[in-house]
Every structure is written in structure tokens, then in C-alpha cells.
Amino acid sequence: MIPKIQIYPSFTAMLQDPNSFYSGFYQQLNKEKQALTQKRNRIAIARVITICLAAFLLYQFRSESLLMLSLLFCVALAIFLFLVKFSLQLTDRINLLSEMIRLTNEENRIAQHKFLHRFEGNELAPPKHPYAGDLDLFGKASLFQFLHRTTSEAGHQQLAQWLLEPASTATILARQEATKNLASLPAWSLQFEGYGHQQPIPNATRNQVLNWSATPSGYFPKTVWKLLRYAWPTLAIGLLVLHLFDQLPSAPFYGLILLLMTIAFYISKGIVPIYRKLDAVLPSLTSLSNSLHWVETAKFETDHLKTLQSTILDFSGTKGHVVRTHSASRAIKSLHQILDRFDYRHNPLVYIPLNTLLLWDLQQVWALEKWKHDHQSALHAWFQSIAELEALNSLGRFSFNHPSYTFPLLSEIPGHWTAAALGHPLIPAGKCVTNEFSTSGRPAIALITGSNMAGKSTFLRSIGVNQVLAMAGAPVFASHLTTSNMRIMSSMRIADNLEENTSTFYAELSKLKAIIDAVNAGEPVFLLLDEILRGTNSQDRQTGSKALIRQLVKQNATALLATHDLALTELEKEYPNALSNYHFDVSVAKEELFFDYKLKTGICTSMNASILMKKIGIEIT
């Protein structure tokens, strides 16, 4: 039984208010969990009563015929097993509700920017990436840690890949529409994530299933094994019937049965390794089947989500008519049942007669390899669709949780970037100062000067992170953003590497070389540079910085450069149509610093380094 959570009519008015939704939904989930727990407790009492009543009746009618006692026992057993099955279904549903309650609480914590306990995704960051380290995409207090609602390893990797590489314009637009659709389904979204958290699917499980599906079948559909599947049970059961009707004496019967048992277990020796390859994936199959079923039953409205859904619903054509034969969730559930039947071997009292009389292991490996034959071509698509839906679900939840965020418009003008009320999504909205910025056409170089701690680096990161979100198909922290399809390249946070014997200066030169190569090749990149060439002396730094800026102008680049070097601002006179000066200001009152963190045009004229140095005890005359 697949548990279903419904949105009651009273929730529809709350969908635009995340806080109200999570508060109301939390109460609804708790109420349903309490009701189901009480029902499960009553069923537990009913099971005890069933056992006691059955024992009493069997005792009372002990003098009756064996047939009547057997019938009474079977009825009691059937009722007991029904109650056990119903209780297990209720337990599954209660466990899902508990997970969804946890996730609802988690959303409230994340809304308060308490998310540092979540998965950081450090291993997802490739070394020497053009911007991942500078923009804090992964790790503690990172964008990924704040954004992701993925549960499987493949889902983590899918979302990470979207953040690490811009998508095509068509793909971005498709993801935007899918994200909006999922943002309108918060209850569905939470349950989808809840299934994934019940038993997260590691890549090892996925690869194990895919590798098994790619191996040649040893039994299906070979004729000899097909004939043996039917001939063996016919022979073994026939011998048993003959013996029970005294047509076959005990000595030859037991001799033949011993022979069949020996042959059956010899055949099983070749089958067991196949079973062991898949035995470890059993726990993940339930989670996968539930997730697939939840996607199959969803009422999506966008083409992209419907396309993903169609890869999970398996269709086949019959005489020109399209007929659904089975869904992915049913197929995975069927695989789970086959592997469950293999587990009978753990009970010798059941397994030995089954394998002897029915050649049990052969029957199951035949079913297993037939399953592989039927679904091999679709397996990879199922895993991939779930991973992509997990990534889209992350963007959808991000959009739902931030109704004031906007989806960016995509421009065909090279180097175009215009934003209003732009902020950094990792800074709480109440503390975040927003800015406006616009650039269009190429070359376009913006030089940003300002005192220490005035907000230059944060502004660059705000632009970078929002551009990453825009290129992934997510909403951005802005009241409006129009951007052309550009890849971020940055040089902001440089560190030496003792293992590679690399100095800070050389590490920065390596970054700048990659940037220059991309610009020279005419790639659509958006450069974010913070205090370039800081690892050398002031004269070389100024000379090199001017040369780099001139080269960027010559190669029609789009760039933002934060600098303390006011001499660089004079280049605006040399390139009035390509270079613009901006700054962040600071106010000083009685040697106290006050920042407004607002971007302004022109060159910064107030600096605060001497005041900060005095505060730590450096005597400046």
C-alpha cells in the first residue's frame, strides 16, 4: 500500500506563504500520525484477541473432526495474517509521516538560516573549477548546503552539475517552468523527498543494478532450462503423489527424492552468486519503487516534467494503439518480490522442500533474468529521471520558500546583465542590503573601488551566485534580472598549494591564464576578479593589472574588477565606452566606521585602512 498525503482545501490559500504552509502542514501530519498510531495499537490488540479466541475455540471443539479443526485454524490464521499485513502498512505510513514531519521542521530551521548541519557536498566540488571555490558553492555554509533537497548520490551529483556548468537557453527555460510547477506542489514535494530519505540510494546500489542488467543471462531464455522449469516439478510432485497413494514404495521414493535434492542443490550453486550480487540492493528498492510511484501519480503541468514522467511510465504499442503495460514502480516492486523469494533459503524448513520439489532457485533466477530482459533498456532512464526530479525538486522548494525571488529573463545581447534589488541568497533577507547593477554589450569592464569591509567582495559574489542560479534554471535573489547566457569565471580567493609546491602568486597566474584563454577564444564568460595580482610587489601589480584590463577590453570581455588601486580607475579616460567606475563608500565619525553597502557610480575617495590599523595598536603618524 502506497501512503498518500493530500492537501486539504484550507491549504490552497497558504501556498504563497511558506511559513503558514509549513505550520499548517506540520499540524496536519501530526494529527494523521496520531490517528494512525491509535489505529495500529487497536490492531495490535485485535491480533492478541484473535490468537486467544482461536486457542479457546480449538480447545472447546477439540473433540470435533480434524477437518473442522483445520478449517477453524485456517480461518484464524488468515485473520491474523491480514491484521499483521495491515499493521505493517500502517507502520510504513507512520514512518513516512514521521519523516515528513522531520522535513517540515527542517524547512523552518533552514528559513532561519540554520542549515550548517546539512550535507555539505565537499566531494562534489571538482579541483580548480573556474568559480566553485570563489562563490562557496560547496562546503560549510555553501549554496549547495542551503539549496539541495536531493537524497540519492545521483541526485546530489545532478544538482551539483547544474551549478557547475551553465545549461543551454532552451534547457534553462524548461527547468524554470518545471521549477514553478513543483513550487506549486509543496506537499507533493515533501513526500517525494520523504521517500528518498527513508532509504537513500547510493551510487553503489545504482551501479550494482545497472552492471547486473548489462551482464549476459545464463538461464533465460535457454531451452534446456525452460524445459527443466516445468519438467522438474512435474516429476517431483508426481513421485510424491504416487508415494502418498501407495503406488511407489518408500525406499525408491526416498532414494529418488535424495537424488533430486542433490541435483537441485548442485544447480543452486551456480545461481547463488547471481542472487548475492543483488541481495544488498533490497532496502533501496522499496524507496525507489515508492519514489517512482509518487512521480507516476503526479499531475504535472509542464512539458519537461511530463517528459520525465513518461520515461517512468512504460508504454508499448499494440496494433496502432498505445497501451500501458506496466509502470516503473510496479517493475521495481516485482524485482523486489523476486529477490524476496530468494530469501526463503534462509529458512531450511521451507527452502529444502521448495528447492527439491519445485527447483525453487531456478524458478527465481529465471524470473530474475526475464525481468532483466524486459526492463534492461529502461533501467538507466528510471534512475536518471529520479535524479533529475530530485534536482528539480530542490529548485522548486527553493522557489516556494522564497516567493519574492524572481526567475531571470534571458537576453540574446552579448554580455548583458541587468539586476534590480540584487542580494546574496545566503545572507538572511532582513540583514541583506540589495543593489542595482547593469552592463550590456562587449567590451564592458566595471572597476569597483572601496574601503575595506565596504562590500566589494560580497557584491561580486552576489552577482556570481545569482548568475549560477540563473544558468541552472533557478529563481534569483532580485526583483528583476535579465542576463545573457554566460559562464562565470573568477579569481577571488587564491591559496597556495604545498603539495604541488605552488605559491599564491603562481596559483593566481594559473587562474588568470585560464581566464585569458577563454576570453581570447571568444567564449561567453562573465569575469569576476577581486584584487588581482596581490601576490607581487605594488609596481608589478599595477603594471600587470593595467595590461590585463587593456587585454580584456581588446578581446571584448565582460568583467567586474574589485580593487584598492585607484590608479586603475584612470583607465576610464582611455576607454570611456568600455570601462566604468563604481565604488562602495564608508562614513567615519569619531574614528568609528559606518557602511551602507550600496553600490555607487564613480571612484571611492574615502579609505579606512589607517583607522583599522590604529584600532589594533599600530602607531600611525
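Above this note sits the structure.
Residues numbered from 1 in each chain as written. Predicted model: local features only at pLDDT ≥ 70, side-chain atom pairs only at ≥ 80, totals over all residues. Heavy atoms only, no water.

Looking only at helices and strands, one finds 19 helices and 12 strands in the protein. In terms of C-alpha radius of gyration, the protein reaches 33 Å, well past the compact-globule figure of 25 Å for 621 residues. For the C-alpha atoms alone, the extent of the protein along its principal axes is close to 115 × 60 × 50 Å. Across the 621 residues in the protein, those meeting the buried criterion constitute 48%. Considering only intrachain contacts with a sequence separation of at least 6, the fraction spanning at least 24 residues in the protein is 76%. Here the protein contributes 56 positively and 48 negatively charged side chains, and the mean placements of these two sets differ by 8 Å. (Helix = DSSP H or I, 4+ residues; strand = E, 2+ residues; numbered from the N terminus. Rg over C-alpha atoms; globule rule 2.2 N^0.38 Å. Buried < 20%, exposed > 50% of the residue type's maximum accessible area, 1.4 Å probe, protein only. Contact = heavy atoms within 4.5 Å. Lys, Arg positive; Asp, Glu negative; His and termini not counted. Charge placed at Lys NZ, Arg CZ, Asp CG, Glu CD.)

Okay, the packing of aromatic side chains next. If you walk through the whole model with that rule in mind, you get 27 aromatic pairs. Both rings, one in F82 and one in F86, keep their centres 6.3 Å apart while their planes meet at 20°; by these two values the pair is stacked. Pair noted here: F82 and F86 are both in helix α2 (residues 66–111), with a separation of four residues, about one helical turn. Judged by its relative accessible area of 25%, F86 is partly exposed. These aromatic residues form a ring-pair network of at least three members: W417, F437, F459, F526, Y582 and F584. Lying across the ring of W162, R175 places its NZ or CZ 3.9 Å from the centre. (Phe/Tyr/Trp six-rings, centres within 6.5 Å; stacked < 30°, edge-to-face > 60°. Lys NZ or Arg CZ within 6 Å of the ring centre and 35° of its normal.)

For the pair α2 and helix α6 (residues 186–198), the least separation of the axes is 9 Å and the interaxial angle reads 115°. Taken together, the axis directions place α2 and α6 in an arrangement best described as roughly perpendicular. α6 is crossed by α2, and the crossing has right-handed handedness. Mapping the contact onto sequence places D92, N95, L96, E99, M100, R102, L103, T104 and E107 in α2 and A187, L190, Q191, E193, G194, Y195, H197 and Q198 in α6. When grouped by side-chain class, the residues that make up the contact of α2 with α6 number six nonpolar, six polar and five charged. (Axes fitted to C-alpha atoms, helices over the stretch in contact; angles between N-to-C directions. Parallel < 35°, antiparallel > 145°, perpendicular 65-115°, else oblique. Left-handed = near helix turned anticlockwise from the far one by under 90°. Nonpolar A, V, L, I, M, F, W, Y, C, P; charged D, E, K, R; others polar.)

Between the first and last C-alpha of α6 there are 18 Å, a value that for 13 residues agrees with the 18 Å anticipated at 1.5 Å per step. α6 sits mainly inside the fold: 11 of its 13 residues count as buried. Looking at the buried residues of α6, the elements they touch are α1 (18–60), α2, α5 (169–183), α10 (282–296) and α14 (360–401). (Expected span 1.5 Å × (residues − 1).)

The next thing to look at is the pattern of salt bridges. Within the structure shown, the criterion is met by 15 salt bridges. Its salt-bridge partner being R102, residue E99 comes within 2.6 Å of it at the nearest N-O pair. With E99 and R102 both in helix α2, this residue pair falls three residues apart, about one helical turn. Exposure remark for E99: the relative accessible area of 13% places this residue in the buried category. Using a relative accessible area of 37% as the deciding quantity, one classes R102 as partly exposed. Linking D374 and K370 is a salt bridge whose minimum nitrogen-to-oxygen distance equals 3.0 Å. (Salt bridge = Lys/Arg side-chain N within 4 Å of Asp/Glu carboxyl O.)

The next subject is the sheet that holds strand β7 (residues 480–484). Ordered in space as β3-β7-β4-β5, the four strands form an open sheet in which the pairing is mixed. Every other strand in the sheet has two partners, leaving β3 (409–411) and β5 (435–439) as the edge strands with one partner each. Each adjacent strand pair in this sheet contributes to an overall mean axis angle of 20°, direction not counted. Across the sheet, helix α15 (residues 456–472) is in contact with β3, β4 (417–422), β5 and β7; its angle to β7 comes to roughly 75°. (Pairing = 2+ DSSP bridges.)

The next subject is helix α16 (residues 504–520). Taking 1.5 Å per residue, 17 residues should reach 24 Å; α16 reaches 24 Å between its end C-alpha atoms and fits that length. Along α16, the residues classified as buried are A507, E508, L512, I515, A518 and V519. Buried positions in α16, seen along its axis, are confined to an arc of 135° and lie on one side of it. More than 90 degrees from the buried face of α16, the exposed residues found are Y506 and K513. As for α16, its buried residues are in contact with β8 (487–491), β9 (525–530) and α17 (538–554). Directly beyond the C-terminal end of α16, a positive phi value near 75° is found at G522. (Arc of directions from axis to C-beta.)

Turning next to the packing of helix α8 (residues 223–244) against α14. At their nearest, the axes of α8 and α14 sit 10 Å apart, and the two run at 140° to each other. Classified by chirality, the crossing of α14 by α8 is left-handed. Contacts from W225, K226, L228, R229 and P233 of α8 reach α14 at L362, Q363 and W366. Considering only residue class, the contact of α8 with α14 consists of five nonpolar, one polar and two charged.

Looking now at the nonpolar core. By size, the foremost hydrophobic cluster in this structure holds 128 residues, and its most contacted members are L137, F459 and L560. Sort the elements by how many residues they give to this core and α14 lands first, with 15 residues. In this view, F459 contacts L422, N435, F437, I448, L560, F584 and L599; residues no more than four positions away in its chain are not counted. (Core = buried A, V, L, I, M, F, W, Y, C linked by side-chain atoms within 4.5 Å.)

Within the fold, T482 resides in strand β7. Residue class for T482 comes out buried when judged on its relative accessible area of 12%. A distance of 2.9 Å separates polar atoms of two side chains, one belonging to T482 and the other to H480. (Polar contact = N/O pair within 3.5 Å; in protein donor to acceptor, adjacent residues only side chain to side chain.)

Quick look at the pairing of β7 now. Across the five residues that make up β7, a large majority, four, are buried. In terms of strand pairing, β4 meets β7 through four bridges, oriented antiparallel. Bridging from a neighbouring strand, A420 pairs with H480 of β7.

This part covers unusual backbone geometry. Of note, the bond from F220 into P221 is cis; its omega dihedral lies within 30 degrees of zero at 0°. If you trace the backbone, P221 turns up in the loop between α7 (203–214) and α8. The step from R442 to P443 runs through a cis peptide bond, and the omega angle for that step is 0°. Mapped onto the elements, P443 comes out in the loop between β5 and β6 (444–450). Despite not being glycine, D136 has its phi angle at roughly 55°, a positive value. Of note, D136 is situated in the loop between α2 and α3 (143–147). Even without being glycine, A141 reaches a positive phi, approximately 55°. Within the secondary structure layout, A141 lies in the loop between α2 and α3.

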